[in-house]
Amino acid sequence: MLKLNVNNETSKLKAVVLGTAKSNGPTPAIEDAYDPKSAEHIKAGTYPKEEDMVPEMEAFNNVFKKHGVTVYRPELIEDCNQIFSRDIAFVIDSFLIKSNILPDREKELDAIKYVIDQIAPDKIITPPEEVHIEGGDVMLWNDYIFIGTYKGSDYADYITARTNMHGVNFIKDMFPNKIVKEFDLNKSNTIARDNALHLDCCFQPVGHDKAIIHKEGFRDEADYNYLVDLFGAENLFHISKDEMYHMFSNVFSISPEVVVSEKNFTRLNKWLREKRFTVEEISYGEIAKQEGLLRCSTMPLIRE
């Protein structure tokens, strides 16, 4: 049996689910795009091709192998986008919580059934129907659980609003001993540079006390200030709107000392190295065209 354990974003990784770009299916129709960045590339004829994305994900897999991480991959579903494992379920402490995801994506959960079958049934949680929550919005930081949401009364109008306040309150009820803090994020169905699809698109901790952040991703400046006060201004790497668009905050930590990053994130990677991180650089620019990057592709199961 798998004994799940994830309490933060950076402790040494032991086991992870990594998505797959194989049999990814044809370019979707514009009306079927789940986010504005994908729609932008569909319209421009630059939507990523399977043959370009598969090597990117295999490079990520090779970094995991290099660091001794056990990697689980989804079973293949023909013509199905199975890249973003973080969307379909996530682990908090010793529990796997299934996301109430867009109905079209339910079959992605079936593709990791062989992993779920290795988890004790009492550790698998299916939230009630009114709870909307996705793993990209859920970020663990020891005693804290940070959750991205959208508090606007027009929530239902945004396909980019993936986690509602029912989701936040569900996690609060489930983990009463944690400090659960929600963050109201800016959303746009049409302009990718104005859209923080998930919390990890505008914020992510690295190491023991540092974080990457995009101030304009937060609708309420008090939410941004909360993180500045918690981490300290000197420990934050601020990214621009363009850098958020390219997913600078969506790197992935294998340990407190090792961060996997996109090779073109020159400014970020320089800062990380100055802060004494080991940076494992890979190409992930094709996958980024779907408004997701390294963290989105992973579902950590066990960290030390």
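Residues numbered from 1 in each chain as written. Predicted model: local features only at pLDDT ≥ 70, side-chain atom pairs only at ≥ 80, totals over all residues. Heavy atoms only, no water.

Turning our eyes to something else, we now look at the environment of Asp122. Among the structural elements, Asp122 can be located in the loop between helix H4 (113-116) and strand S5 (124-125). Assessed through its relative accessible area of 57%, Asp122 is described here as exposed. A sequence separation of 90 residues divides Asp122 from Asp32, and the C-alpha atoms of the two residues are 36 Å apart. (Helix = DSSP H or I, 4+ residues; strand = E, 2+ residues; numbered from the N terminus. Buried < 20%, exposed > 50% of the residue type's maximum accessible area, 1.4 Å probe, protein only.)

What follows concerns the sheet that holds strand S6 (residues 138-141). Across the sheet, three strands lie side by side as S6-S7-S8; this open sheet has mixed pairing. Two strands close off the open sheet at either side, each with one partner strand: S6 and strand S8 (179-184). The sheet shows a mean angle of 20 degrees between the axes of neighbouring strands, direction not considered. Relative to S8, strand S7 (residues 144-149) runs parallel, the two being bridged by six bridges. Note that in S8 the partner of Phe146 across the bridge is Lys181. Each of S6, S7 and S8 touches helix H6 (residues 221-231); the most contacted strand, S8, lies at about 135 degrees to it. (Pairing = 2+ DSSP bridges. Axes fitted to C-alpha atoms, helices over the stretch in contact; angles between N-to-C directions. Contact = heavy atoms within 4.5 Å.)

Turning to helix H5 (residues 165-174), its buried residues number three or more, namely Gly167, Val168, Phe170 and Ile171. For H5, the angular spread of the buried residues around the axis is 160 degrees, confining them to a single face. Where H5 begins, the side chain of Asn164 points an oxygen toward the backbone nitrogen of His166, at a separation of 3.3 Å. (Arc of directions from axis to C-beta. Polar contact = N/O pair within 3.5 Å; in protein donor to acceptor, adjacent residues only side chain to side chain.)

With that settled, the discussion passes to the state of the cysteines. Within this structure, the stated rule accounts for zero disulfides. Here Cys80 is not disulfide-linked; the sulfur of Cys296 is the nearest cysteine sulfur, at 16 Å. The class for Cys80 is buried, based on a relative accessible area of 5%. Cys202 takes part in no disulfide bond, and the closest cysteine sulfur, belonging to Cys201, lies 7.1 Å away. Judged by relative accessible area, which is 0%, Cys202 ranks as buried. (Disulfide = S-S within 2.5 Å.)

Counting residues in each nonpolar core, the largest one holds 58 residues, and the members touching the most others are Phe203 and Phe218. Sorting elements by how many residues they give to this core places helix H2 (residues 50-66) first, with six residues. If you look at the next biggest cluster of nonpolar residues, it comprises 33 residues, including Ala89, Ile97, Ile112 and Phe175. (Core = buried A, V, L, I, M, F, W, Y, C linked by side-chain atoms within 4.5 Å.)

Glancing now at the sheet that holds strand S3 (residues 89-92). Judged by pairing direction, the sheet is mixed, and its three strands sit side by side in the order S3-S4-S5 without closing on themselves. Edge strands, defined here as strands with exactly one partner in the open sheet, are S3 and S5. Pairing analysis gives two bridges linking strand S4 (residues 95-98) to S5, with the strands arranged parallel. Looking at S5, one finds that Leu96 is bridged to Ile124. Packed onto the sheet, H5 meets S3, S4 and S5 and runs at close to 160 degrees relative to S4.

Let us look at the environment of Thr10. One can find Thr10 in the segment before strand S1 (13-18). Spatially, the C-alpha atoms of Thr10 and Ala211 are 11 Å apart, while their sequence positions differ by 201 residues. Sequence-distant contacts of Thr10, that is, excluding residues within four places in its chain, are made with Trp141, Pro205, Val206, Gly207, Ser253, Ile254, Ser255, Pro256 and Arg303. A polar atom in the side chain of Thr10 sits 2.9 Å from the backbone oxygen of Gly207.

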